[in-house]
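Now for the letters of each chain:
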Amino acid sequence: MTIKFIRKGVKMSPKSRSSAVSADKSNLKAGAQIIVDTLIDLGVDTMFGYCGGVILPLFDRLYDAPIRVIVPRHEQGGCHMADGYARASGKVGVVVATSGPGACNLTTGLATALMDSVPVVAITGQVRTELIGNDAFQEADTTGITRPVTKYNSIVKDIKDLARVIKEAFYIASTSRPGPVLVDIPVDIQVAKYEADGPVEMDLPGYRIQTKGHARQISAAAAAINKSEKPVLYVGGGVIIANASEELRKLAQKAHLPVTMTLLGLGSFEQSRPESLDMLGMHGSAYANYAVQECDLLIAIGARFDDRVTGKVKTFAPNAKIIHIDIDPTSISKNVNVDIPVVGDAKYIMTELVKEVEYRERAEWFKKIAEWKKKFPFSYDRNASTVKPQYVIEELCRQTNGEAIITTGVGQNQMWTAQFYKFGRPRQFISSGGLGTMGYGLPAAIGAQIARPDATVIDIDGDHSFNMTMTELATAVEHKLPIKVCILNNGYMGLPRQWQELFYGKRYSCSRLQNPNYEDVAKALGAVGETIDKKADVPKAIKQMLAEKRPCVFDFRVEQEENVWPMVPAGKSLNEMDGLDILESMA
Amino acid sequence: MKHIISALVENKPGVLAHVAGMFAARAFNIDSLVVGRTEDPKLSRMTIVVVGDDKVVEQVRKQLAKIVPVVKVQDFVGQPVVARDLMLITLSAPPDKRPEILSLIEMFKARVVDIGVKQLMVEVSGPETKIEAFIDACKPYGIKNVARTGTIAMPRQGPSEVKS
Ligand SMILES: Cc1ncc(C[n+]2csc(CCOP(=O)(O)OP(=O)(O)O)c2C)c(N)n1
Ligand SMILES: [Mg+2]
């Protein structure tokens, strides 16, 4: 993290300000300039923003500032770009929008970032202070609308608070459990002048960060691990946020523990390692779900027992003692009762744990897991003549050596990506997990590519997810970003269709729409477009795509009614998976 | 079980909305919520009465503490506290019933604060149970209007038997 937070410093007293003003008027700065200078101070060199009436003073100051501004085609896209940028880099993503409609368009992006604990700072323009509450043109109660979808938000009503509030926003967004923070700035505050030199002290008496876990709790956790015959590590996105993959690997190796990951945890632990059980949950691996249901100790780290992970809560991990390591105390014992809670930073706690845990063979446990793995691997009909979506992903993984940054849409495309791309590094898999926001993939890929210009960034998308934000292709073209969109085009909203097939008697109500020709769409927007409808063409198409320097859209016409297996139906326990016979027959 | 939760919060615009919004979003039920200033102009105190099992109230406490401008949260359950409500109540009080009503007011250590032709306004303060009992006692005469503050509370320092 490049951001420097000055916690102590000279407070600007009104007295010194007025004397300075009278002595030297050139120290006066417009609010908009204070915003820009504060952002630069905080290490911001890139942001995403869309202009409008009451944010024009800020955009004017950005005109020749040393900050790269990427303009999306829709503020939602801008917010997802900031989010993708943040997830790929670990830095704070910044998005700017105007009041009213601009701010409203951010909400989906903010909610997405909140659910997945992504550090995003949103700056919105607001109508003049004296008009607030009068239903002025393009007025919306932005702090009211965004309060439930941000970690914190506030409106600046006095220019002397401006620099401080922005610094606080970055600090809150990026520390403890990260999340989006919005700062609403009326246009008159952007225009007003203020003498704003010198460091700014933050004032957050209610914001506490607990980094160090309780030593006694850590020892209790270590003792439980050392005693366990059948442990499972269940890790989530928190491990990636804490930059603690190295510690996780050491813990798993030293104590000899199998590791399963949540959707957002993918990348935290190398899936090629023998301890990996891949993803757990509704569409997780059979071996992860069986292991969780049979384990005698579940060690949750930076995960939150989401219902997509637990299935029926009452029967989740019924034989296990539960250790829960998380920086957010509200996550602990919220859904599942925890035996050994440890509140703190995953990196710190795992470092301590590694010192206390001992190696154990657990031969029987690992043997059992190996049998499940052998019997029920993720699989599909490899002999089919059609283009199987899973095949496209496997081929992508093979040709990129499992090293690309992957974003996704939501639906089957997302689940198959989680199942068939084997991740090895943190910040490599970027997907809307908690909110499940269709349309996230393309803008997130743009943000990720800007954060990591040299990386191969691929959006594995669904046709309908892509439909939602495909206008951002124009943004990618404008900025010459070599992102690669692979549409797994099944012509359906695949996941709803799967549910309709299984639970609604195949009545495909409103889950099939007429799609455009994506090759033509791509070309019209200035990108490369290709259509692939033959299995035999997949490898060379992917090869061509990976060599492209321009943004490209590859439309893979995949098997239309393919299903995601296994599946834990809603309300069922994790071990009550459907589709195991299918997996077994194709293993 | 009823819990009285006391939260010190920054005295800033929007804090009440943060707290109230959190309660609504997480479907926690509140009996009452009282906000007022404290000795420190930068801080306000919110006293919130919630009913729920231990698990729910534990979540309430943690979720409150997580709100950025919330500085400190205490759950007074199991502690000796002084808890008080204030009520203004208007009763129908025809002249022939007044002596009876006044003696009732006397018994509850309440006060008449306004006298009308046909009605009286009475101020009562005390534990919630006393307020409820007073309301019950007044019912036969006809209650016109009730305004209540909700509970405020503070932990006791001295022995818990001392009653005020
Ligand atoms: C914004 C939004 N609206 C609705 C949904 C509900 N939903 C989940 S998956 C899905 C269909 C996704 O279709 P597609 O992108 O084609 O993916 P597929 O499942 O076919 O791979 C829908 C409508 C959602 N997740 N997000
Ligand atoms: Mg689809």
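Residues numbered from 1 in each chain as written. Chains lettered and ligands numbered in written order. Predicted model: local features only at pLDDT ≥ 70, side-chain atom pairs only at ≥ 80, totals over all residues. Heavy atoms only, no water.

Caption draft 1: A look at the domain arrangement of chain B. Residues and elements named next belong to chain B. On domain assignment, one finds that chain B holds domain 1 (2-75) and domain 2 (82-153). Using C-alpha coordinates to define each centre, domain 1 is positioned 29 Å away from domain 2. The partner domain 2 presents 7 residues to the 6 residues of domain 1 that form the contact. Carbon and sulfur atoms make up 60% of the area that domain 1 and domain 2 hide from each other, which totals about 490 Å². Where Lys2 meets Glu128, a salt bridge forms, and the shortest distance between an N and an O atom there is 2.9 Å. Our count for the contact surface shared by domain 1 and domain 2 stands at 2 residue pairs in polar contact (both at pLDDT 80 or more). Secondary-structure elements contributing two or more residues to the side of domain 1 that touches domain 2 are strand 1 (2-10), strand 2 (30-37) and strand 3 (43-51). Of the residues assigned to the side of domain 1 that touches domain 2, the class counts are 3 nonpolar, 2 polar and 1 charged. (Domains from an automatic or database assignment. Contact = heavy atoms within 4.5 Å. Buried area = accessible area lost by both parts, 1.4 Å probe. Salt bridge = Lys/Arg side-chain N within 4 Å of Asp/Glu carboxyl O. Polar contact = N/O pair within 3.5 Å; in protein donor to acceptor, adjacent residues only side chain to side chain. Helix = DSSP H or I, 4+ residues; strand = E, 2+ residues; numbered from the N terminus. Nonpolar A, V, L, I, M, F, W, Y, C, P; charged D, E, K, R; others polar.)

Caption draft 2: Up close: the site of ligand 1. All names here are of chain A. Around ligand 1 sit 17 residues, and of these Gln412, Gly436, Asp463, Ser465 and Gly494 come closest. His464 has a polar backbone atom sitting 3.0 Å from an oxygen atom of ligand 1. The contact in question runs from an oxygen atom of ligand 1 to an N or O atom on the side chain of Asn490, over 2.9 Å. When the free accessible area of ligand 1 is taken as 590 Å², the share hidden by the protein chains comes to 76%. Taken together, the elements giving at least two residues each to the shell around ligand 1 come down to helix 17 (412-420), helix 19 (463-469) and helix 21 (494-503). Looking at which element gives the most residues to the shell around ligand 1, the answer is helix 19, with 4 residues. (Near = heavy atom within 4 Å. Areas by Shrake-Rupley, 256 points an atom, 1.4 Å probe, with all protein chains shown as cover.)

Caption draft 3: Structural view of the coordination of the magnesium ion (ligand 2). Residue and element names in this part refer to chain A. The protein atoms donating to the magnesium ion (ligand 2) are Asp463 (OD), Asn490 (OD1) and Tyr492 (O), with metal-donor distances spanning 2.0 to 2.1 Å. Look at where the donors of the magnesium ion (ligand 2) fall in the sequence and you get D-x26-N-x1-Y. Taken as a pair, Asp463 in helix 19 and Tyr492 in the loop between strand 18 (484-489) and helix 21 lie far apart in primary sequence, 29 residues in all. (Donors = N, O, S within 2.8 Å, 3.2 Å for Na, K, Ca; no water.)

Caption draft 4: Molecular detail of unusual backbone geometry. Residue and element names in this part refer to chain A. Here the bond from Trp565 into Pro566 is cis, since omega is -5°, no more than 30 degrees from zero. Its identity as a non-glycine residue notwithstanding, Gln138 has a phi of 60°, on the positive side. As for its placement among the helices and strands, Gln138 is situated in the loop between strand 5 (120-126) and helix 6 (142-146). Notably, Asn243 is not glycine yet its phi reads approximately 50°, a positive angle. Relative to the helices and strands, Asn243 is located in the loop between helix 10 (237-241) and helix 11 (245-255). Look at Asn243 and you get partly exposed, because its relative accessible area is 48%. (Buried < 20%, exposed > 50% of the residue type's maximum accessible area, 1.4 Å probe, protein only.)

Caption draft 5: Broad picture of the nonpolar core. Residues and elements named next belong to chain A. In this structure, Leu233, Leu298 and Ile301 are the most contacted members of the largest nonpolar core, which totals 102 residues. Considering every element that reaches this core, the biggest residue donor is helix 12 (residues 286-294), with 6 residues. There are two domains that each give this core at least three residues, and those are domain 2 (215-375) and domain 3 (389-565). In this structure, Ile70, Tyr440, Ala444 and Val485 belong to the second largest nonpolar core, which totals 43 residues. (Core = buried A, V, L, I, M, F, W, Y, C linked by side-chain atoms within 4.5 Å.)

Caption draft 6: Focus on the packing of helix 4 (residues 75-89) of chain A against helix 5 (residues 101-115) of chain A. Residue and element names in this part refer to chain A. Here helix 4 crosses helix 5 at 30°, and the two axes come no closer than 7 Å. Once helix 4 is placed against helix 5, the crossing between them reads as right-handed. In contact with Glu75, Gln76, Cys79, His80, Asp83 and Arg87 of helix 4, helix 5 contributes Gly102, Asn105, Leu106, Thr108, Gly109, Leu110, Thr112 and Ala113. Partitioned by chemical class, the residues of the contact of helix 4 with helix 5 number 4 nonpolar, 7 polar and 3 charged. (Axes fitted to C-alpha atoms, helices over the stretch in contact; angles between N-to-C directions. Left-handed = near helix turned anticlockwise from the far one by under 90°.)

Caption draft 7: The arrangement of the interface of chain A and chain B in detail. Counting residues at the interface gives 20 residues for chain A and 17 residues for chain B. For the chain A and chain B pair, buried surface summed over both sides reaches about 1,600 Å², with 51% attributable to carbon and sulfur atoms. Considering only the surface of chain A that becomes buried against chain B, Arg147, Tyr152 and Thr330 of chain A emerge as the three largest contributors, covering 36% of it. Counting every contact that joins chain A to chain B gives 1 salt bridge. Between Lys66 of chain B and Asp328 of chain A there is a salt bridge, with the nearest N and O atoms lying 2.7 Å from each other. The tally of links between chain A and chain B comes to 7 residue pairs in polar contact (both at pLDDT 80 or more). Residues belonging to the side of chain A that touches chain B are distributed by class as follows: 7 nonpolar, 6 polar and 7 charged.

Caption draft 8: Summary view of helix 15 (residues 363-375) of chain A. All names here are of chain A. If you check helix 15, its first and last C-alpha atoms are 18 Å apart, about what 13 residues at 1.5 Å a residue would give, namely 18 Å. Three or more residues of helix 15 are buried, namely Trp365, Phe366, Ile369 and Trp372. Along the long axis of helix 15, the arc covered by the buried residues comes to 120°, so they all point the same way. Those residues of helix 15 that are exposed and aimed more than 90 degrees away from the buried face are Glu364, Lys367 and Lys374. If you follow the buried residues of helix 15, they end up packed against strand 9 (231-235), strand 11 (276-279) and helix 12. (Expected span 1.5 Å × (residues − 1). Arc of directions from axis to C-beta.)

Caption draft 9: Molecular detail of the pairing of strand 4 (residues 93-97) of chain A. Residues and elements named next belong to chain A. Judged by how many residues are buried, strand 4 sits mostly within the fold: 5 of 5 residues are covered. Where burial is concerned, the two faces of strand 4 agree: the one with Gly93, Val95 and Ala97 and the one with Val94 and Val96 are both buried. Relative to strand 4, strand 2 (residues 46-49) runs parallel, the two sharing 2 bridges. If you follow Gly49 over to strand 4, its bridge partner there is Val96. (Pairing = 2+ DSSP bridges.)

Caption draft 10: Geometry of the sheet that holds strand 18 of chain A. All names here are of chain A. The 6 strands lie next to each other as 16-15-17-18-20-19, forming an open sheet whose pairing is parallel. Where the open sheet ends on each side, the last strands, each with one partner, are strand 16 (429-430) and strand 19 (528-532). Pairing of strand 15 (residues 405-408) with strand 17 (residues 457-462), which is carried by 4 bridges, proceeds in the parallel orientation. Paired with Ile405 across the bridge in strand 17 is Val457. In this fold helix 18 (residues 441-451) packs onto strand 15, strand 16, strand 17 and strand 18, with an angle of close to 175° to the strand it touches most, strand 17. Along the sheet, helix 23 (residues 538-547) contacts strand 17, strand 18, strand 19 and strand 20 (552-557); its crossing angle with strand 20, the most-contacted strand, is approximately 170°.

Caption draft 11: Here's a closer look at the packing of aromatic side chains. All names here are of chain A. Per the counting criterion, the structure on display carries 17 aromatic pairs over all chains. Centre to centre, the rings of Phe423 and Phe429 are 4.9 Å apart; their planes meet at 50°, and the pair counts as tilted. Grouping residues by exposure puts Phe423 and Phe429 together as buried. Centroid distance Trp499 to Phe503: 5.8 Å. Interplanar angle 80°. Geometry classified as edge-to-face. Of this pair, Trp499 and Phe503 are both found in helix 21, 4 residues apart, which corresponds to roughly one turn of the helix. Classification of Trp499 as partly exposed rests on a relative accessible area of 23%. (Phe/Tyr/Trp six-rings, centres within 6.5 Å; stacked < 30°, edge-to-face > 60°.)

Caption draft 12: Summary view of the pairing of strand 12 (residues 297-301) of chain A. Residue and element names in this part refer to chain A. A large share of strand 12 lies buried, amounting to 5 of its 5 residues. Where burial is concerned, the two faces of strand 12 agree: the one with Leu297, Ile299 and Ile301 and the one with Leu298 and Ala300 are both buried. In this structure, strand 9 lies alongside strand 12, joined through 5 bridges in parallel fashion. Within the sheet, the bridge partner assigned to Pro231 lies in strand 12 and is Leu297.

Caption draft 13: Representation of the side chain of Ser285 of chain A. Residue and element names in this part refer to chain A. Checked against the element boundaries, Ser285 lands in the loop between strand 11 and helix 12. At 2.9 Å, the side chain of Ser285 forms a polar contact with the backbone oxygen of Leu277. Beyond its immediate stretch of four places on either side in the chain, Ser285 contacts Leu277, Met279, Leu280 and Phe378.

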